[in-house]
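# Survey of secondary and tertiary structure
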Amino acid sequence: MKKNIKKIIGILLVIGIFTVLFFYPKKNNEGKGITPVIFNLGSDYNTLDPHLFTEMIAVQIDSGIYEGLLILDKKGNYTGGVAESFTEVDNKITFKLRENAKWSDGSKITANDFVFAFKRVLNPETAAQFSEMLFPIKNAEKYYEGKVEEKDLGIKALDNKTLEIELENPVPYFKYILTLPIAVPLKEEFYKSKGDRYAVKLEGFLFNGAYKITGLKEDEILLEKNENYWNSKNIKIPKIKYIVSRDFRVVDNLIKNGEIDMSRVEHYNLPEYKKEGTLDTFINGRLWYLDFNFNNQFLENKKLRQAISFAINREKYVKEIKKDGSIIAKSVISNIITGYNGKYRDNYPDDKYFKDNDIENAKRLYKEALKELGISKLKLELLTGNSDPEILEIQFLQEELRTKLGLETEVVTVSFKERLTRTRAGNYDIVLNTWSPKYDDSLSYLERWKQKNEKNQDIWSKNKYNSLINEILVLGNGIERDRKINQAERILIDEVVIVPLYFSVENHYRNSQIKGIIRRPITGIASFDHAYRK
């Protein structure tokens, strides 16, 4: 009897083990109980409303939870997102939407969802920072300014699955715009039901991308695969958890302890990551520069601005302070921007735009500036973010100006959000600022300094600059377009509207088990469309 009981128990144990082994992988494949990929964003985002994004941190998240008409494939070529196909005739692009393109609530995405979304972006009351990205659409700018009616706007739903977009002129970069959050659809009924609660708390979101948010905390966002996404079966990473850890020395320790799978990293442990083969390095085209407040009576003086620019040793800056592969900038437009023939920077080299670390000339200009200003000494405020790298950089710049010019400065460090707030409000003298291209075209830089107000016209050639940008906007790809682009760029440099410092190179740690991540250099985002865990 005892032998029979032992035999039965043994059989039950075998059955139990088999059951666990059989069912556990199935549960795992559905994304339940799986440890997510832990991705450190490094800094805060401002909003996850795709039409209101203000920085590329938000684009990283938005690109996973929303999708536009087009996406980029592994090689960076345009391919269908929500749109299954598209045709181009003259200035008209006609998109056919996928039959299986759905929202996360299971309802179908329609052409009207794009029409409503684009109208929202072009409504000035929405206050979309990058609304001008849609201005290439026929009458879009006039619609934004209230000069034409909705029927005149060059975007129309021909039926539920067919969308037509008509452009004002040939626009080389417009398809890239359609891959960005600014151009994702919005379901009118859902949006109106949420009002000002849209995209704020979890219940205020509706997704159409590969992922949906299932957990939303201040410094933590949990994404899970969206089962209603049209290509869901090919999404191999079931969960992503975004966290915000701002101290990059701490980040290195979290990586060492296996608590982070992906993160931008600073120079502290780069050799180790390179040796391990866990480092993704790419040029992102982001320009770091000193931005002047022209409402400051002293900074209106061009010689003062030149002295500040010429005094900085950029080679020492990138090699001894950055130490991450960053590239000296003497211009505004990075060499990752292709231009007419893929070689804008080759055709317009920037190595002789000005000489940096030109101490003798800098001192002369500073002395002349003080004389013109009628003062014997000067003290200005240097504003910066409060991350470790930014603090090191601003201290270096402070010392450069003190030792070479005798210019005293007070450093003010604030959070990323506070820096944005103060900069937009004009509450600064000089700020260590940054600007990232949002699409593969020089205008993605140059439009940053196109200003409609009449302020500061006597300080720099604003009207001439604005006219050049307007001329570039209506030109298709060609030699003449690149020539005008260079003229506009030279105004910013020659008149010292800003002081370019360096183009950043991003170094990202990636757990060696995670494969198939596609890096988009222009936006800096990591795409999980083809990713998997080995």
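Refer to the structure printed above.
Parameters and conventions
- Residues numbered from 1 in each chain as written.
- Predicted model: local features only at pLDDT ≥ 70, side-chain atom pairs only at ≥ 80, totals over all residues.
- Heavy atoms only, no water.
- Helix = DSSP H or I, 4+ residues; strand = E, 2+ residues; numbered from the N terminus.
- Rg over C-alpha atoms; globule rule 2.2 N^0.38 Å.
- Buried < 20%, exposed > 50% of the residue type's maximum accessible area, 1.4 Å probe, protein only.
- Phe/Tyr/Trp six-rings, centres within 6.5 Å; stacked < 30°, edge-to-face > 60°.
- Lys NZ or Arg CZ within 6 Å of the ring centre and 35° of its normal.
- Core = buried A, V, L, I, M, F, W, Y, C linked by side-chain atoms within 4.5 Å.
- Pairing = 2+ DSSP bridges.
- Axes fitted to C-alpha atoms, helices over the stretch in contact; angles between N-to-C directions.
- Parallel < 35°, antiparallel > 145°, perpendicular 65-115°, else oblique.
- Left-handed = near helix turned anticlockwise from the far one by under 90°.
- Contact = heavy atoms within 4.5 Å.
- Nonpolar A, V, L, I, M, F, W, Y, C, P; charged D, E, K, R; others polar.
- Expected span 1.5 Å × (residues − 1).
- Arc of directions from axis to C-beta.
- Polar contact = N/O pair within 3.5 Å; in protein donor to acceptor, adjacent residues only side chain to side chain.
- Right-handed = clockwise from strand over helix to strand, strands pointing away.
- Salt bridge = Lys/Arg side-chain N within 4 Å of Asp/Glu carboxyl O.

## What to know about the overall build of the protein chain
When you go through the protein chain residue by residue, the secondary structure sums to 17 helices and 21 strands. Computed over its C-alpha atoms, the radius of gyration of the protein chain comes to 26 Å, within 12% of the 24 Å expected for a compact globule of 534 residues. Projected onto the principal axes, the alpha-carbon positions of the protein chain cover approximately 110 × 60 × 40 Å. Taking all 534 residues of the protein chain together, 55% fall into the buried category.

## With respect to the packing of aromatic side chains
Enumeration over the complete set of coordinates arrives at 20 aromatic pairs. Taking the centre distance of 5.2 Å and the plane angle of 55° together, the rings of Phe39 and Tyr242 count as tilted. Of this pair, Phe39 sits in strand 1 (residues 37-40) while Tyr242 is found in strand 10 (residues 239-243), placing the two residues 203 residues apart along the sequence. Residue Tyr242 is classed as buried on the basis of its relative accessible area of 2%. Seen from their ring centres, Phe205 and Phe207 are 5.7 Å apart, and the 10° between their planes marks the pair as stacked. A relative accessible area of 6% means that Phe205 is categorised as buried. Among the aromatic side chains, those forming a connected cluster through ring pairs are Phe116, Phe190, Tyr191 and Tyr198. The positively charged end of Arg98 is found above the aromatic ring belonging to Trp230, 3.5 Å away from the centroid.

## A closer look at the nonpolar core
Counting 146 residues, the largest nonpolar core has Leu69, Phe118, Ile165 and Phe528 as its most contacted members. At seven residues, helix 3 (residues 111-121) tops the list of elements feeding residues into this core. Counting residues in hydrophobic clusters, the runner-up holds 13 residues, among them Phe248, Tyr273, Leu279 and Tyr509.

## Structural notes on the sheet that holds strand 4 (residues 83-89)
Spatially, the four strands line up as an open sheet ordered 4-5-7-6, and their pairing is antiparallel. Pairing within the sheet leaves two strands with one partner each, and these edge strands are strand 4 and strand 6 (155-159). Averaged over all adjacent pairs, the angle separating strand axes in this sheet is 20°, with direction ignored. Relative to strand 7 (residues 162-166), strand 5 (residues 92-97) runs antiparallel, the two being bridged by five bridges.

## Some words on the pairing of strand 5
Along strand 5, the buried face is formed by Ile93, Phe95 and Leu97; none of Lys92, Thr94 and Lys96, which line the opposite face, is buried. With six bridges connecting them, strand 4 and strand 5 associate as antiparallel partners. Bridged to Val89 within strand 5 is Lys92. Counting the residues in the hairpin turn of strand 4 and strand 5 gives two residues, including Asp90, whose phi is positive at 55°.

## Examining the packing of helix 16 (residues 462-473) against helix 17 (residues 479-494)
A packed helix pair is summarised by two numbers, namely the angle formed by the two axes and the spacing between the axes. Running from N to C, helix 16 and helix 17 point in directions that differ by 155°, and their axes come no closer than 9 Å. Judged on the interaxial angle alone, helix 17 and helix 16 are roughly antiparallel. Here the hand of the crossing between helix 16 and helix 17 comes out left-handed. Residues Lys464, Tyr465, Leu468, Ile469, Glu471 and Ile472 of helix 16 touch helix 17, and the partners they reach there are Arg481, Lys484, Ile485, Gln487, Ala488, Ile491 and Leu492. For the contact of helix 16 with helix 17, a count of residues per class yields eight nonpolar, one polar and four charged.

## Quick look at the side chain of Thr126
As for its position among the elements, Thr126 is in the loop between helix 3 and helix 4 (140-144). The residues contacting Thr126, other than those within four sequence positions of it, are Leu52 and Arg120.

## Looking at helix 13 (residues 388-405)
Working note: α-helix, 3.6 residues per turn, so residues spaced by three or four point in the same direction. An ideal rise of 1.5 Å per residue puts 26 Å on 18 residues; helix 13 measures up with 26 Å between its terminal C-alpha atoms. Inspection of helix 13 places Pro389, Glu390, Glu393, Ile394, Phe396, Leu397, Glu400, Leu401, Lys404 and Leu405 among the buried residues, and these make up the whole buried set. Burial along helix 13 is one-sided: seen end-on, the buried residues are contained in an arc of 155°. Of the residues one or two after helix 13, Gly406 is the one with positive phi, at around 80°.

## Examining helix 7 (residues 248-256)
Turning to helix 7, its buried residues are Phe248, Val251, Asp252, Leu254 and Ile255. Here the buried residues of helix 7 occupy an arc of 160° about the axis, which is enough to place them on one side. Looking at the packing, one finds that the buried side of helix 7 touches strand 1, strand 11 (262-264), helix 8 (270-276), helix 13 and strand 17 (498-510). Its side-chain oxygen at 3.0 Å from the backbone nitrogen of Arg249, Asp247 defines the N-terminal cap of helix 7. Of the residues one or two after helix 7, Gly258 is the one with positive phi, at around 75°.

## Describing unusual backbone geometry
Positive phi, close to 60°, is recorded for Ala127, a residue that is not glycine. Among the structural elements, Ala127 can be located in the loop between helix 3 and helix 4. When its relative accessible area of 57% is taken as the criterion, Ala127 is described as exposed. Even without being glycine, Asn357 reaches a positive phi, approximately 55°.

## Considering the pairing of strand 14 (residues 379-385)
Of all the seven residues making up strand 14, six are buried; the element is thus mostly covered by neighbouring parts of the structure. In terms of strand pairing, strand 14 meets strand 15 (residues 408-414) through seven bridges, oriented parallel. The partner of Lys379 across the bridge, within strand 15, is Glu408. Assessed by its sense of winding, the connection that carries the chain from strand 14 through helix 13 to strand 15 is right-handed. Alignment of strand 14 against strand 16 (residues 430-435), held across two bridges, turns out to be parallel. Pairing of Leu382 across the sheet is with Ile430, part of strand 16.

## Section: the pattern of salt bridges
Where charged atoms from two side chains of opposite charge come close, those side chains can pair. Here the structure, examined in full by the defined rule, presents 34 salt bridges. Put simply, Glu506 and Arg286 hold a salt bridge, and the shortest N to O gap is 3.4 Å. With Glu506 in strand 17 and Arg286 in strand 12 (residues 279-292), this pair connects stretches of sequence that are 220 residues apart. Taken individually, Glu506 and Arg286 each receive the classification buried, so the pair is uniform in this respect. Close ionic contact of Glu381 with Arg422 constitutes a salt bridge, the shortest N to O distance being 2.9 Å. In this pair, Glu381 is assigned in strand 14 and Arg422 in helix 14 (residues 416-425), connecting sequence segments 41 residues apart. Here Glu381 matches Arg422 in class, with each residue buried. A network of salt bridges, in which partner residues are shared, links Lys303, Arg364, Glu368 and Glu372.

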